[in-house]
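The chain contents come next:
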Amino acid sequence: MAASNTAGEQARGDAGLAQGDVALSLRDVSRTYATAAGGTVEALSHVSLDVHRGEFVSLLGPSGCGKTTTLRLIAGLDQPQGGELTLDGEPIRGASHRRGFVFQQGALFNWLTIRENIAAGLRARHVYRENAGRVDELIHAVGLDGFGDAYPHQISGGMAQRVAIARALINDPEVLLLDEPMGALDNFTRATLQDLLIDLQRANHTTMVLVTHDVDEAIYLSDRIVIMTPRPGRVSEVVSVDFPRPRHRGGSEFLELRATLLEKFNLASAEPQPEYYI
Amino acid sequence: MRRIGYPAAVALSVGGFVLAIAGNVLVPQVAAVEITPVRVGDWLVNFNGLYRMVLGAVILGYLLDALISRGNEKNRCAFVHGAPLRFAVGIALLAWDILGTKTQVFVQPFFPGPAQIVGAFLEEGDFILQNTLYSLRLYLWGYLLGAAFGVGTGILIGWFPRAYYWISPVLRFSGIIPAVAWMPFAMTLLPTPFAAAVFLIVICVWFPVASVTAQGVQSTPKVLFEAARTLGGDTRYLLLHVAVPNALPQVFQGLSTANAFAFTTLVMAEMMGQPGGLGYYINMAKIWSAYYKVFAAILVMAILFSAITKVLNIIEARALRWQEGLLSKQGEVA
């Protein structure tokens, strides 16, 4: 099959280990949370994954599969109980501007203008003066010319996510982490934002890791798709998307891969598992 | 309300005050009131003269307002809207003048007419000004110091759980006690009456500002701190550039509550042992049964406190410029 290549990437213990210039590496990462009832929930169980420099990887799966937990661990916003995460061979300890993060709802600073929001990373690192020109470049790159002096409540949800992306990119991060940034947007806005991400990646070769539950989005954007399954959250399979960009959402390769992926999820959920309804 | 035309609005705005002047000039003084003229420069002026001048100035002011707002549709509407009220004020002044001073139907000396009240400024304008400045100085020291302490304490207990644990019970306990209750201690322990009054205003401002500032800091969404951390922000940045600006709307809410407390405390402190101030002036006037002076001081307070509140509102609007349109937008949704 031209669309996907899953050979050699079956085992969940070492899924996605491949040759090449590895930027981000997860080894045997586990994370358990205490529940309010006094028990524990295994959010992530022995996840291993390598992300190459300049690669676009999507973490795809239903809610509760640990994809957001994985992203937060990479960002350093959360610490694993077991395993190790490294960026360029250095262990990840705590949050850093080298790993940019785009949150689901934008998480903009309401009291700052669009320009000041985008400049926030430079100011936080006390390097604003020497990089001030970058702010307007990024405003232009994300298509927000003329909105620099607006406040977050004056712009739409799609524009807010553009600001959030620009804000994360101002620090030239080695990897950009995207936590369902398009989840709350309408289809048209989502499509233009997806194209923006492709353009930005092509321009800067930034490594990107996207969390999504949208199969089409994952296929449209990714070099590789990491399929995750819940209870406990783990990597079940890694699928390469080999056909060239720009990808046509109605093309035969696209639809073929889409069918394959959906089938995998049906299989995954067909495994005998206890179901809880609250 | 029935709509009135622009010319009618101008006539109404001015008409009431014209009638008030006419009443003051034409209605004879039927009961005995001592009217002593005061030399102002080369002129001899009595309180009726000053009163007419004040009314004349009001009339000129409204004519000027009418002229300026004529061009702009919005201002024009506002001017027309206020016209009946202005007429009513003029008529009320007319009636008050006749009943309070001219015929003395009101019980005297408790309810003097407006002309007599204005006369207090003629009689001892300098003294009233001195006391006003004393009040203003006291207010500024107390309020600014209290606000600074309040915001500082609020940030401290909002940010450090340990500070919250130890300081917030003190705040909760002492915040409920009216500041003037500490008067006896303040008067005996502090070196000057001025310092004692400043102390009382400081604590009445401190507690409300501190508690709402702390709430504002604590209510900062966690995701904003996470965003700041992934942007390279250190603890200092999280506190000063995320938590504090996030708390700013609450801080201003606390500042305006505290402002009202400060006025009350100020006047009470001045009435109970200050060598000056508008509260002191009221006390002095009361001893001599000069109630027109009491009213004059109340008038000055109204003007002074509105001006201070206005200044605070302007500062707030500037600091919270980013909220402009946000609140009305939420109102539309609701």
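What you see as residue numbers is a count from 1 along each chain, following the sequence as written. In the order they appear in the text, chains get letters beginning with A and ligands get numbers beginning with 1. Totals for whole chains, interfaces and linings use all residues, but because this is a predicted model, local features are given only for residues with pLDDT of at least 70 and pairs of side-chain atoms are given and counted only at 80 or more.

Is there a simple way to think about the overall build of chain B in this case?
Secondary structure follows DSSP: runs of H or I at least 4 residues long count as helices, runs of E at least 2 residues long count as strands, and numbering of each begins at the N terminus. The secondary structure content of chain B amounts to twelve helices and two strands. For chain B, the sequential pattern of α-helices and β-strands runs α-β-β-α-α-α-α-α-α-α-α-α-α-α. Along the three orthogonal principal directions, the C-alpha set of chain B runs to about 80 × 55 × 35 Å. Sorting the 334 residues of chain B into buried and exposed places 38% on the buried side. When contacts within chain B are restricted to residue pairs at least 6 apart in sequence, long-range pairs at least 24 apart make up 75% of them. Neighbour density around each residue's C-beta defines its exposure: 20 or more other C-beta atoms within 10 Å make it buried, 12 or fewer make it exposed, and counts between make it partly exposed, where C-beta atoms are placed from the backbone. Throughout, a residue-residue contact means that the two C-beta atoms, derived from backbone geometry, are no farther apart than 7 Å.

Whenever I open this one, the overall build of chain A confuses me. Can you help?
Each helix and strand counted, chain A has seven helices and ten strands in total. Sorting the 278 residues of chain A into buried and exposed places 44% on the buried side. A fraction of 71% describes how many contacts in chain A between residues 6 or more apart in sequence connect residues 24 or more apart.

I keep staring at the interface of chain A and chain B and nothing clicks. Help me out?
By a frequent convention, interface size equals the accessible area lost on bringing the separate parts together. With 22 residues of chain A at the interface, the matching set in chain B holds 17 residues. Where the side of chain A that touches chain B is concerned, the elements lending two or more residues are β6 (99-102) and α2 (114-124) of chain A. The classification used treats Ala, Val, Leu, Ile, Met, Phe, Trp, Tyr, Cys and Pro as nonpolar, Asp, Glu, Lys and Arg as charged, and all other residues, Gly among them, as polar. In terms of residue class, the side of chain A that touches chain B is built from eleven nonpolar, eight polar and three charged.

Whenever I open this one, the sheet that holds strand β5 (residues 90-91) of chain A confuses me. Can you help?
Note on sheets: strands pair through backbone hydrogen bonds, and any given pair is parallel or antiparallel. All names here are of chain A. The four strands lie next to each other as β2-β1-β4-β5, forming an open sheet whose pairing is antiparallel. The open sheet has two edge strands, β2 (40-52) and β5, and neither has a second partner. Note on pairing: DSSP must find at least two bridges between two strands before they are called paired. Sheet analysis places strand β4 (residues 82-87) next to β5, joined by two bridges and oriented antiparallel. Note that in β5 the partner of Thr86 across the bridge is Pro91.

Sorry if this is basic, but what is going on with the sheet that holds strand β3 (residues 56-60) of chain A here?
All names here are of chain A. Strand order in the open sheet made by the six strands is β6-β7-β8-β3-β9-β10, with mixed pairing throughout. Of all strands in the sheet, those with a lone pairing partner are β6 and β10 (234-240), marking the two edges. Each strand axis lies, on average, 20° off the axis of its neighbour in the sheet, ignoring direction. In the sheet, β6 pairs with strand β7 (residues 175-179) via four bridges, with the strands oriented parallel. Helix axes are fitted to C-alpha atoms over the stretch in contact, other axes to C-alpha atoms as well, and angles between N-to-C directions run from 0 to 180 degrees.

Would you explain the environment of B:Val202 in this entry?
Residues and elements named next belong to chain B. Within the fold, Val202 resides in helix α7 (residues 193-218). Sequence-wise, Val202 and Trp141 are 61 residues apart; in three dimensions their C-alpha atoms are separated by 8.3 Å. Dropping the residues within four chain positions of it, Val202 is found in contact with Gly142, Leu145, Gly146 and Phe149.

Before we go on, may I ask you to explain the nonpolar core in this structure?
Nonpolar side chains in soluble globular proteins tend to be buried together. As used throughout, a nonpolar core is a set of buried Ala, Val, Leu, Ile, Met, Phe, Trp, Tyr and Cys residues joined through C-beta atoms within 7 Å of each other. A:Val209, A:Val226, B:Leu200, B:Ile201, B:Val205 and B:Ala262 are the most contacted members of the largest nonpolar core, which totals 157 residues. The dominant element in this core, judged by the number of residues it contributes, is α7(B), at 17 residues. By convention here, the domain bounds are inherited from an automatic or database domain assignment. Shared between two domains, this core holds at least three residues of each, these being domain 1 (6-105) and domain 2 (121-333) of chain B.

In this structure, what is going on with the confidence of the model for chain B? I would like to understand it.
Close reading of the predicted structure is inappropriate where its pLDDT is low. Residue and element names in this part refer to chain B. On average, residues of chain B score 91 in pLDDT, and 97% of them reach the 70 mark or higher. For chain B, per-element mean pLDDT is lowest for helix α12 (residues 326-333), which scores 51, and highest for helix α8 (residues 222-230), which scores 96. Interface confidence for the predicted complex, expressed as ipTM, amounts to 0.86; the pTM equals 0.83. One number per residue, pLDDT, summarises how confident the predictor is, and it ranges from 0 to 100.

Help me understand helix α5 (residues 161-175) of chain B, please; the structure alone is not making it clear to me.
Within an α-helix, residues lying three or four positions from one another point in the same direction, as the helix has 3.6 residues per turn. By this rule, a helix spans an expected 1.5 Å times one less than how many residues it contains. The end-to-end C-alpha distance of α5(B), which contains 15 residues, comes to 20 Å, matching closely the 21 Å that a straight helix rising 1.5 Å per residue would cover. The bend reported for a residue corresponds to the angle between axes fitted to the seven residues ending at that residue and the seven starting there. By the largest-angle criterion, B:Ile167 marks the main kink of α5(B), which is about 40°, and a proline, B:Pro169, follows within four residues.

Please explain the environment of A:Val41 as it appears in this structure.
Residue and element names in this part refer to chain A. Here Val41 is to be found in strand β2. The exposure class of Val41 is partly exposed, given the 15 C-beta atoms found within 10 Å. Put simply, Val41 and Arg31 are ten residues apart on the chain and 8.7 Å apart in space, counted from C-alpha to C-alpha. In this view, Val41 contacts Thr32, Tyr33 and Thr35; residues no more than four positions away in its chain are not counted.

I tried to follow the packing of helix α4 (residues 114-159) of chain B against α5(B) on my own but got confused; where do I start?
The angle between the axes and the distance between the axes are what describe a pair of packed helices. Residues and elements named next belong to chain B. One way to put it is that α4 packs onto α5 with a least axis distance of 6 Å and a crossing angle of 130°. One finds that α4 runs oblique with respect to α5. Together, Thr153, Leu156 and Ile157 of α4 and Ala163, Tyr164, Ile167 and Ser168 of α5 make up the contact between the two elements. Here the contact of α4 with α5 is composed, by residue class, of five nonpolar, two polar and no charged. Geometric relationships in this document are graded by angle, where less than 35 degrees denotes roughly parallel, more than 145 denotes roughly antiparallel, 65 to 115 denotes roughly perpendicular, and other angles denote oblique.

Would you explain α7(B) in this entry?
Between its terminal C-alpha atoms α7(B) stretches 38 Å, which fits the 38 Å expected from 26 residues at 1.5 Å a residue. Most of α7(B) sits out of view: 22 of its 26 residues are buried.

In this structure, what is going on with the confidence of the model for chain A? I would like to understand it.
Averaged over all residues, the pLDDT of chain A is 86; the fraction at 70 or higher stands at 88%. Every residue in residues 1-19 of chain A scores below 50 in pLDDT, and together they form 40 contacts with partners more than four places removed in sequence or on other chains.

Hey, could you run me through unusual backbone geometry in this one?
What you tend to see is this: most non-glycine residues have negative phi, and most peptide bonds are trans. Residue and element names in this part refer to chain A. A cis amide bond links Arg231 to the next residue, Pro232, at an omega of -10°. Tracing the backbone through its elements, the reader meets Pro232 in the loop between β9 (224-229) and β10. With an omega of 0°, the peptide bond running from Arg245 to Pro246 counts as cis. By the element assignment, Pro246 lies in the loop between β10 and α7 (252-270). Its identity as a non-glycine residue notwithstanding, His46 has a phi of 50°, on the positive side. Inspection of the secondary structure assignment puts His46 in strand β2. One non-glycine residue, Glu180, lies in positive phi territory at about 40°. With respect to the helices, strands and loops of the structure, Glu180 is situated in the loop between β7 and α5 (187-204). Glu180 sits in the buried class, given 20 other C-beta atoms within 10 Å.

What is the right way to look at the packing of α7(B) against helix α9 (residues 235-271) of chain B in this model?
Residue and element names in this part refer to chain B. Close contact between α7 and α9 brings their axes to 7 Å; oriented N to C, the two are set at 160°. Our classification of the angle between α7 and α9 gives roughly antiparallel. α7 and α9 meet at a crossing whose hand is right-handed. Crossing handedness is defined as follows: a turn of the near helix away from the far one that is anticlockwise and smaller than a right angle gives a left-handed crossing, while the clockwise case is right-handed.

I'm lost on the pairing of strand β1 (residues 22-34) of chain A in this one. Help?
The side chains of a regular strand alternate, residue by residue, between the two faces of the sheet. All names here are of chain A. As paired elements, β1 and β2 share nine bridges and run antiparallel to each other. Within β2, the position partnered with Leu24 by the bridge is Val51. Hairpin connection between β1 and β2: a loop of five residues separates the two successive antiparallel strands, and Gly38 in this loop has a positive phi of roughly 105°. For β1 and β4, the ladder comprises five bridges, and the chain directions are antiparallel. Within β4, the position partnered with Leu26 by the bridge is Leu85.

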